[in-house]
Structure formats: structure tokens, C-alpha cells
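Residues per chain are reported as follows:
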Amino acid sequence: MLLTIHDASLRKVAFIDNDKQATLNYFNDTWTRYLETGSSTFDFTVFKKAIISDVRRKRAYNYLNEKAFVSFQYNGKTYLHTIRKIEENEKTIKCYGINLNLELINEYANPYKAPRAMTFKEYCDAMDLLNFTFLKIGVNEVSTQKISTEWEGTDTKLNRLLSLAKKFGAEIEFDTYLNADSSIKSFVVNVYHENDDTHQGVGRISPTVLTYGKNLKTLTRTV
């Protein structure tokens, strides 16, 4: 899988490709997707090595820092991860990424009480949950549903969005779309009716049954 490194302005600056020895290569990669938040994390490690495209002392691996982004494509979809943490020594750089919109994490929503029964989009508009650059609603399977509810405390806009989805009996996922030059085209929030007898939800049904001691060998917990 080809990884593209972007700088803080989302300008494409380097590649990581395990199929080409002339580029940076990565290993120990783990991609984890979370149904509860619609987000995913992507962790990987890169060897610090000089490559042909390096200019003097400007090494490609130096672009892997806490201000960078990494994108890749999987099954026709683009995933963009913000590097939130790195662990570096003389030989390797380990990167920890998350694909949530940073504005949703850092901005806060105030207490709110609906004056009437409202739709999902009306709540988003009233609380400015999606009032960010490039961010918009895509699929909305609960668009005709209306409820009346309230929030007493202050919370991040991400948590408020997740709470709103739960009140509507919905699940959300985030999609990222890039232009041809790898700049951001749009961030899309898809809203799906939660899984039941007639709705698929965000997840997909797998025919594989996990059995501890057989095809499930060990359990690891990270906090």
C-alpha cells in the first residue's frame, strides 16, 4: 500500500512505498477502525534511510513529524491521518495517526435545548457542529426523522456529534476526498441508521466466527 506524506498545509512532499526500494519503506503497521467514533488510527514505523530524492541534508523521513499528514487509498476510498505522536531514535521513526478532523476535536459545543422537534441537519446547523472548512454531510439515512432533545453540559464538537447520532439511533463515518494534487477537496460525515433487521449500518457482516484458541490466538489491550 502506497503512503503519501503531506506537510502541515496538506502539500504532497514524499512517498512511502514498500514495493520500491528507492523510496522510504514502512513496517509494523496497524490500521484500526472504530465504529463508536467513525474514526480510525494508523500506526507505522519507518527506517531512517537516505533515498535518491533527498536534497542535500533534507531527508524525506524528516517530513514525518507531529505536524504532518499521511494518506492512502483502500478499496477505492481515501484515508487521511494526522500524525499526533512520533517515537524516534537513531534508526527508526514510529508514527501514530488519527483520521478525525482536528477542528471537531479542538472546538467545543455549548449547552443546547431544541425549541421544537428537529432533524439531524438542523441540530448540526443550530450548534455549528459542521461549520468548518470542507466539512459537510454526505449520506444521511435519518434525514426525515425529527426529535426534540437537549444537552446541559459543554463538550467537544466531536462528542456532541456522536451524542447526536446516538439520539437519532444512527452511526457515523468520516470520508476524506482529495484533489489530484493531494490537497483537501472535502471532509464528509456520513450518517447511517444503526444496524437492525432492515439497515446495514456502518459495519459489514463477516462470515468468519472468531473462536478464542483457534483463529483468535491472543488478546492485547492498549489504553
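Residues numbered from 1 in each chain as written. Predicted model: local features only at pLDDT ≥ 70, side-chain atom pairs only at ≥ 80, totals over all residues. Heavy atoms only, no water.

A. A look at the overall build of the chain. Helices and strands together make up the secondary structure of the chain, namely three helices and 14 strands. A burial count over the chain gives 43% of its 223 residues as buried. Residue pairs at least 24 apart in sequence account for 55% of intrachain contacts in the chain once pairs closer than 6 positions are excluded. Looking at the chain as shown, the accessible area adds up to about 13,700 Å², and 49% of this sits on carbon and sulfur atoms. (Helix = DSSP H or I, 4+ residues; strand = E, 2+ residues; numbered from the N terminus. Buried < 20%, exposed > 50% of the residue type's maximum accessible area, 1.4 Å probe, protein only. Contact = heavy atoms within 4.5 Å. Areas by Shrake-Rupley, 256 points an atom, 1.4 Å probe, with all protein chains shown as cover.)

B. Fine view of the nonpolar core. Grouped together as the largest cluster of nonpolar side chains are 31 residues, with contacts concentrated most on Phe120, Tyr123 and Leu161. Broken down by element, this core gets its largest block of residues, five residues, from helix H3 (residues 157-167). (Core = buried A, V, L, I, M, F, W, Y, C linked by side-chain atoms within 4.5 Å.)

C. Looking closely at the packing of aromatic side chains. One pass over the full model with this rule turns up 12 aromatic pairs. Taken together, a centroid distance of 6.4 Å and an interplanar angle of 75° make the contact between Tyr26 and Phe44 edge-to-face. On the criterion of sequence distance, the pair formed by Tyr26 in strand S3 (residues 26-34) and Phe44 in strand S4 (residues 39-47) is long-range, its members being 18 residues apart. With respect to class, Tyr26 is no different from Phe44; both count as buried. Taken together, a centroid distance of 5.8 Å and an interplanar angle of 80° make the contact between Tyr123 and Trp151 edge-to-face. A residue pair is termed long-range when its members are at least 10 positions apart, and Tyr123 in helix H2 (residues 120-126) and Trp151 in strand S11 (residues 150-151) qualify at 28 residues. One exposure class covers both Tyr123 and Trp151, and it is buried. Among the aromatic side chains, those forming a connected cluster through ring pairs are Tyr26, Trp31, Phe42, Phe44, Phe72, Tyr74 and Tyr79. Seen from the ring of Trp31, Arg33 lies directly overhead, with NZ or CZ sitting 4.1 Å from the centre. Directly above the ring of Tyr96 sits Lys85, whose terminal nitrogen or CZ lies 4.9 Å from the centroid. (Phe/Tyr/Trp six-rings, centres within 6.5 Å; stacked < 30°, edge-to-face > 60°. Lys NZ or Arg CZ within 6 Å of the ring centre and 35° of its normal.)

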